[in-house]
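If you want the building blocks of each chain, they are given just below.
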Amino acid sequence: MEELNNVDEKSVVSEKSDALETSPVSDKSNVDSESPVAPESSEVPESSVPAATAGAFVALENQKTPAMPENPAESIPEKKGRNKKRRNPIFRFIRFVFLLILFIILAIAAWVAFSIFNKKNPLAMLPPDYSMYVRMDSAWDTLNPLLDLRAADILLSSPDFKNIRGAFMAFRASPLRQNPVVAQLASRRVDLALYTSEDGKHDFVAVMELGPLSAVSRLAPFVLPHIKIKQLKDLSYVQSVGDSYFEYKSGDSVFYVKPCRNLLVAASSPSVFEKSMRANNDTAYTNEEIELINQKTDEPVHIVMDSKKLLSAFVSGNDMLNQLSSVIAENTHGVLSLGITDSDVNLSAKIPCTANDQVPESITKLISRNSTVPSIINKMSGRVQYYTVLNIGSVQELKEAAFPLLPKNMNAESLWSTGQTMSKMLFGMTLDELLYSWTGDEICVLGMEGTDSPVFAIQVTDEDKRQKVFKKLMDSILLKDDTSLILDGVRLPRVGLPKFFECLLSLFKVTLPSPYYMVFEDFIYFSESAQALSGIYTSVNEQNLIAKNMYWREVSEKQSADAAVSMYYNLEKSVPFFLRGDSAVTKALSLYSIGRCDIGFSDSSLVFNLSATARHTGDLRAIPGFPIKLEGAANGNMVLEKAKNPAYIYWTEKPGTIKSMEAASTKIYSLDLKVSSGETVYLASAESTPKQGLLWAVTSKGTVYLLNNKLEAEKGFPLVLRSAVSGPVNTSGSTVLVPLESGDLAIVDTDKSVKEISLPLIGQVKSAPAVLDRTIAVYDKSFAGSILILQDGVVTNAENPLPVDGIAFGSPALLKKEESLYVAFITQAGSLSVWKDGEMLAGFPIQLEGVFYNNVVTDGSALYVLSSDAMIYRVSLDGAVLQVHVPDATSREGLISVIAPDEEFHKNLYVSIDGNLLYGFSGSLELLSGFPVVGFGVPAFVDVNGDKSADCFVLTLDKKLNAWNIR
């Protein structure tokens, strides 16, 4: 029984132990659910569990089960707290990053908001003493199209704009123009003011409104000085006492740039930049001026300038109209709006006029009334090619206003007084009755197609009085009235005007000795051409009116109907007064050959409207701004800077003056070598350094110069050779090859070293050495001439020179094919020899017809030569000959050259004939498009207008430098 009890005890303990190991002791419900549980109200009799077993169970439970809290729910928060501590590092890091990003965004937003509201008025940075103010609401939309205008080329060719031409051309060719980011950044308002100094120099201050972008520009002074940007290598940061700014260098031009709050300020000179940086200039502007500056306009360019200067821009070509400046008030500003493309230009100006003691009452009367619509335009013939309509006042008013403006030496009042006397004596009436009693306010001059004789028209307001006046005139024995002509159904009487009347008309450059006349549609027409009058009659009756003319409609679309003066012009037929000047503006506007200009008066202001279109039939190959007049006669040979992207050209002018021109800016540098009479200067382009181009200049007395692009001598130069020079020079690598009268060949290096090679000559070297890689060939000119070949400075055929049978001119031609050296040479008599590796090539010499004062040139595959009768030969190495004759020309003093204009071109042939024409041919002797052009000698090819294509520079016999677009 005891054993049984012991076994039972062990089994009970074992079962309890297993149950405890498989269930969490802390979860009471789990423990209870795995064993039968008696109801809480039931009690287990103590006798049913042995005391030993109960004691063992209690002991075991005390060992394995921790003490439970009185409230089991208290253990749950404690567990969650421990899990929360394990997630804190990641959560805190994410929260930190989020808060940091949020802080940065808010800081940037606050900085941008501050930049937007912390503004400066652009006028604060523009000194008020400007000669011209320009506003562009979108700099990119305005300037980018202007960069390609031919009119811009003309304006920038003026000396007034020389200092900005280089930067303009550089930006025209810049790839930044194709960058959409740049376009977006530059699509902002820009205010530009031009200033003229006492010495006539022009400077500017430009202010760009950056808006939100100023948040970046304000940081530029702190960031840009510490970083290097390849595209901004010419930008430097300058710190001075009390100020700091950026300097940007472009060629010889320096621009001063500084961010100022919401603005970016740029200036072209230190003086105007200093005035701009005072940043309080807006206080000096009047309210009226500010209103004009901010005035809205339909055109992209808005200009404000001094009223008198604005008026002078339009009347500078007319001495009489120049005197109208007296009606312009002092210290007032006019407004000009401009829209321009290569196809058309629209310009409007408004200039305030005020009456004052200096203005005659007769003029004050005319300018004080508002202009009306000229009636004749609505009934004008469609055959009219140009016209001028005056609708400013009656004939009497015009006479009283115009006579005081005429030069005193014309004696206008005296002629009028004489006319009054003669008219009363001959016709029984005064000039007042003769002219004023029946005429209206409109006077016109018309140009008709098919005739050079103009038509004059005067408005008739009283036909009865006109007939009475004319009857008195015709009844006079002094006037002959011929009424016999009837043309196209209209009778055209003809009358001879008295001499005194012709004198009065001559005051206004009108010549009408014996005109036909016609009264039609309330106007009387006069002309020396009866066909012109009949053309008006028939075309108007057929409703062929000028309003149907396509060109007239095109230039009239934006014009106002009211006008005191209206002009429709075609530059092939007539030139209006405002295009007769010689200013850059006049030349630019002359590109637009058909136009309409209306001038009127409105609210005490002069209103000027011009609309013109380019229908040019002239030579569009000419680069605007050229030709440039030279100071002396040039030798005709242009020399191009030897660089990957050449930018300079060189030439000489007699006596001994070297010229260098930067193509983009057209700035010309000059160096007078002060040579003696009869001395010659030879030029040859040296290899450029990474910073600049170099030029060799050698005088015939043996002085050698090495010059930079600005014609400044390099250190250690000039050098003097021990002998005079016998002929032109050439270059090889970094050296210049100089033939000497001593019979030597001097080789001068850019490092100032001089090497002389003795040549076994019979005569002298009178032509430039020919160079191909490391091979040099010289022509020993004599009756028994020869050609010497040098390799690496050593004469290789001294014992067996290549013989020349007869007198010749010029230098041999060198070419290489399949590792063989070919030497070609022609005599004056036309014997063409070609040697291959020192031996006469099979099939040569060959005889060409003509006399040859030029020698052979080559494009590397064929030979070319020019005869004195302008016959051009192309000779292949197999002996095949192709020839082309330049018609009606000779070429005794002509030149032939082979040049590749740029990397996109093959080598072409350029032929200068006697006279002033330069021809261009392809390698197959086909005439190149755009040729011939005016010029002579050897041309040079370089981009002058920033269109990324080479232009042809050539000198002329009349002392000019021409530039031609050959595309």
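Just so it is clear, the structure is predicted and the values come from calculations on it, not from any experiment. (Residues numbered from 1 in each chain as written. Predicted model: local features only at pLDDT ≥ 70, side-chain atom pairs only at ≥ 80, totals over all residues. Heavy atoms only, no water.)

Peer 1: It is not clear to me how the overall build of the protein chain should be interpreted in this structure. Could you clarify?
Peer 2: When helices and strands are tallied, the protein chain shows 23 helices and 57 strands. Each of the 967 residues in the protein chain was classed as buried or not, and the buried ones make up 47%. By sequence separation, contacts in the protein chain at least 24 residues apart represent 55% of the contacts at least 6 residues apart. Surface exposure of the protein chain reaches about 49400 Å², of which carbon and sulfur atoms provide 55%. (Helix = DSSP H or I, 4+ residues; strand = E, 2+ residues; numbered from the N terminus. Buried < 20%, exposed > 50% of the residue type's maximum accessible area, 1.4 Å probe, protein only. Contact = heavy atoms within 4.5 Å. Areas by Shrake-Rupley, 256 points an atom, 1.4 Å probe, with all protein chains shown as cover.)

Peer 1: Help me understand the pairing of strand S21 (residues 594–602), please; the structure alone is not making it clear to me.
Peer 2: Taken residue by residue, a regular strand's side chains alternate between the two faces of the sheet. Within S21, eight of the nine residues are buried, leaving the element largely enclosed by the surrounding structure. Looking at chain direction, strand S20 (residues 565–570) and S21 are connected through six bridges and run antiparallel. Bridge pairing in S21 links Val-565 to Ile-599. In this structure, S21 lies alongside strand S22 (residues 605–613), joined through nine bridges in antiparallel fashion. When the sheet's bridge partners are listed, Ile-594 is paired in S22 with Thr-613. (Pairing = 2+ DSSP bridges.)

Peer 1: Any chance you could explain the sheet that holds strand S57 (residues 960–964) here in plain terms?
Peer 2: For sheets, the rule is that strands pair by backbone hydrogen bonds, running either parallel or antiparallel. The strand order S23-S57-S56-S55 describes an open sheet built from four strands, whose pairing is antiparallel. For this open sheet the edge positions go to strand S23 (628–629) and strand S55 (936–942), each flanked by a neighbour on one side alone. Relative to S57, S23 runs antiparallel, the two being bridged by two bridges. What sits directly across from Lys-629, in S57, is Lys-960.

Peer 1: Got a minute to help me understand a nonpolar patch on the surface in this structure?
Peer 2: A grouping of Ile-90, Phe-93, Ile-94, Phe-96, Val-97, Leu-100, Ile-101, Phe-103, Ile-104, Ile-105 and Ile-108 is seen on the molecular surface, where their side chains present a nonpolar patch of about 1100 Å² in accessible area. When its relative accessible area of 30% is taken as the criterion, Val-97 is described as partly exposed. (Patch = residues over 30% accessible without salt bridge, like charges linked within 9 Å, V, L, I, M, F, W, Y side chains within 5 Å. Salt bridge = Lys/Arg side-chain N within 4 Å of Asp/Glu carboxyl O.)

Peer 1: Explain the confidence of the model for the protein chain to me, please; I cannot follow it from the model alone.
Peer 2: A low pLDDT means the predicted coordinates there should not be read in detail. On average, residues of the protein chain carry a pLDDT of 83, and 86% of them reach 70 or more. Across residues 1–84, where pLDDT falls below 50, the model places 27 contacts with residues more than four positions away in sequence or in other chains. (pLDDT = per-residue confidence, 0-100.)

Peer 1: Please clarify how the nonpolar core should be interpreted in this entry.
Peer 2: If you look at the biggest cluster of nonpolar residues, it comprises 60 residues, and the most contacted ones within it are Phe-578, Ile-599 and Leu-610. Counting 29 residues, the second-largest nonpolar core is a separate cluster that includes Val-384, Phe-520, Trp-552 and Val-555. (Core = buried A, V, L, I, M, F, W, Y, C linked by side-chain atoms within 4.5 Å.)

Peer 1: It is not clear to me how helix H19 (residues 463–475) should be interpreted in this structure. Could you clarify?
Peer 2: Each turn of an α-helix holds 3.6 residues, which means side chains three or four residues apart point in the same direction. With 13 residues, H19 extends 18 Å between its outermost C-alpha atoms, agreeing within 8% with the 18 Å of an ideal straight helix rising 1.5 Å per residue. Turning to H19, its buried residues number three or more, namely Arg-466, Val-469, Phe-470, Leu-473 and Met-474. Relative to the axis of H19, the buried residues are bounded by an arc of 135° and lie together on one face. Set apart from the buried face of H19 by more than 90 degrees, the exposed residues are Asp-464, Lys-468, Lys-471 and Asp-475. In this structure Asp-462 caps H19, since a side-chain oxygen of it lies 3.3 Å from the backbone nitrogen of Asp-464. (Expected span 1.5 Å × (residues − 1). Arc of directions from axis to C-beta. Polar contact = N/O pair within 3.5 Å; in protein donor to acceptor, adjacent residues only side chain to side chain.)

Peer 1: Even after reading the chapter, I still don't get the packing of helix H17 (residues 412–427) against helix H20 (residues 499–506), so can you show me in this structure?
Peer 2: What describes two packed helices is the angle between their axes and the distance between those same axes. Closest axis-to-axis distance for the H17/H20 pair is 9 Å, and the angle between their directions is 150°. On the basis of their axis angle, the class for H17 and H20 is roughly antiparallel. Where H17 crosses over H20, the two elements pack in a sense that is left-handed. Seen from H17, the contacting residues are Leu-415, Trp-416, Gly-419, Met-422, Ser-423, Leu-426 and Phe-427; seen from H20, they are Phe-500, Cys-503 and Leu-504. Looking at the contact of H17 with H20, its residues break down into eight nonpolar, two polar and no charged. (Axes fitted to C-alpha atoms, helices over the stretch in contact; angles between N-to-C directions. Parallel < 35°, antiparallel > 145°, perpendicular 65-115°, else oblique. Left-handed = near helix turned anticlockwise from the far one by under 90°. Nonpolar A, V, L, I, M, F, W, Y, C, P; charged D, E, K, R; others polar.)

Peer 1: Is there a simple way to explain the sheet that holds strand S47 (residues 857–858) in this structure?
Peer 2: With respect to topology, four strands assemble into an open sheet ordered S47-S48-S49-S50, the strand pairing being antiparallel. Strand pairing shows two members of the sheet lacking a second neighbour, S47 and strand S50 (881–885), which therefore form its edges. By the bridge criterion, four bridges tie strand S48 (residues 863–866) to strand S49 (residues 871–875) in an arrangement that is antiparallel. By the bridge assignment, Leu-863 is partnered in S49 with Val-875.

Peer 1: Looking at this model, I keep getting lost on the pattern of salt bridges. Mind explaining?
Peer 2: Where charged atoms from two side chains of opposite charge approach closely, those side chains can pair. As enumerated under the stated definition, the model contains 18 salt bridges in all. Here Arg-383 and Glu-449 are joined by a salt bridge, their closest N and O atoms 3.5 Å apart. Taken together, the residues Arg-383 in the loop between helix H15 (361–367) and strand S11 (384–390) and Glu-449 in the loop between strand S12 (439–448) and strand S13 (455–460) connect sequence positions 66 residues apart. Here Arg-383 falls in the partly exposed class, since its relative accessible area comes to 27%.

Peer 1: What should I look at first to understand the packing of aromatic side chains in this one?
Peer 2: The description of an aromatic ring pair rests on the distance of the ring centres and on the angle between the ring planes. This model, assessed by the stated rule, comprises 27 aromatic pairs. With a centroid separation of 4.7 Å and an interplanar angle of 50°, the aromatic rings of Tyr-779 and Phe-825 are classed as tilted. Note that Tyr-779 is positioned in strand S38 (residues 775–781) and Phe-825 in strand S43 (residues 820–826), a separation of 46 residues in sequence. Comparing Tyr-779 with Phe-825 shows no difference in burial state: the two are buried. Here a set of aromatic residues connected by ring pairs shows up, and it is made of Phe-403, Trp-416, Tyr-436 and Phe-508. Taking NZ or CZ as reference, Lys-399 lies 5.1 Å from the ring centre of Phe-403, over its face. The aromatic ring of Phe-470 is capped on one face by Arg-466, whose charged end is 4.7 Å from the ring centroid. (Phe/Tyr/Trp six-rings, centres within 6.5 Å; stacked < 30°, edge-to-face > 60°. Lys NZ or Arg CZ within 6 Å of the ring centre and 35° of its normal.)

Peer 1: So what exactly am I meant to see when it comes to the side chain of Thr-735 here?
Peer 2: Topologically, Thr-735 is positioned in strand S33 (residues 735–739). For Thr-735, the residues in contact, after removing those within four places along its chain, are Trp-696, Asn-730, Ile-747, Val-748 and Asp-749.

Peer 1: Looking at this structure, how should I read helix H16 (residues 395–402)?
Peer 2: Within H16, six of the eight residues are buried, which leaves the element mostly enclosed by the surrounding structure. Turning to H16, its buried residues are Val-395, Glu-397, Leu-398, Lys-399, Ala-401 and Ala-402.

Peer 1: It is not clear to me how the pairing of S11 should be interpreted in this structure. Could you clarify?
Peer 2: Judged from the six bridges that link them, S11 and S12 form a sheet pairing that is antiparallel. Within the sheet, the bridge partner assigned to Leu-390 lies in S12 and is Ile-443.

Peer 1: I keep staring at unusual backbone geometry and nothing clicks. Help me out?
Peer 2: Excluding glycine, residues mostly carry a negative phi; peptide bonds, for their part, are mostly trans. Put simply, Phe-717 and Pro-718 share a cis peptide bond, and its omega is 10°. Positionally, Pro-718 belongs in the loop between strand S30 (703–708) and strand S31 (719–720). Along the chain, Phe-844 connects to Pro-845 via a cis peptide bond; the corresponding omega equals 0°. Inspection of the secondary structure puts Pro-845 in the loop between strand S45 (839–840) and strand S46 (846–847).

Peer 1: So what exactly am I meant to see when it comes to the environment of Ser-348 here?
Peer 2: Along the polypeptide, Ser-348 turns up in strand S10 (residues 344–352). A relative accessible area of 24% places Ser-348 in the partly exposed class. The spacing of Ser-348 and Ser-611 is 263 residues in sequence and 8.6 Å in space, taken between C-alpha atoms. Each residue touching Ser-348, except ones within four places of it in the same chain, is listed here: Val-335, Leu-336, Ser-337, Phe-608 and Asn-609.

Peer 1: Teacher, can you tell me more about the environment of Pro-407 here?
Peer 2: Mapping Pro-407 onto the fold places it in the loop between H16 and H17. Linking Pro-407 and Leu-507, residues 100 residues apart in sequence, is a C-alpha distance of 9.8 Å.

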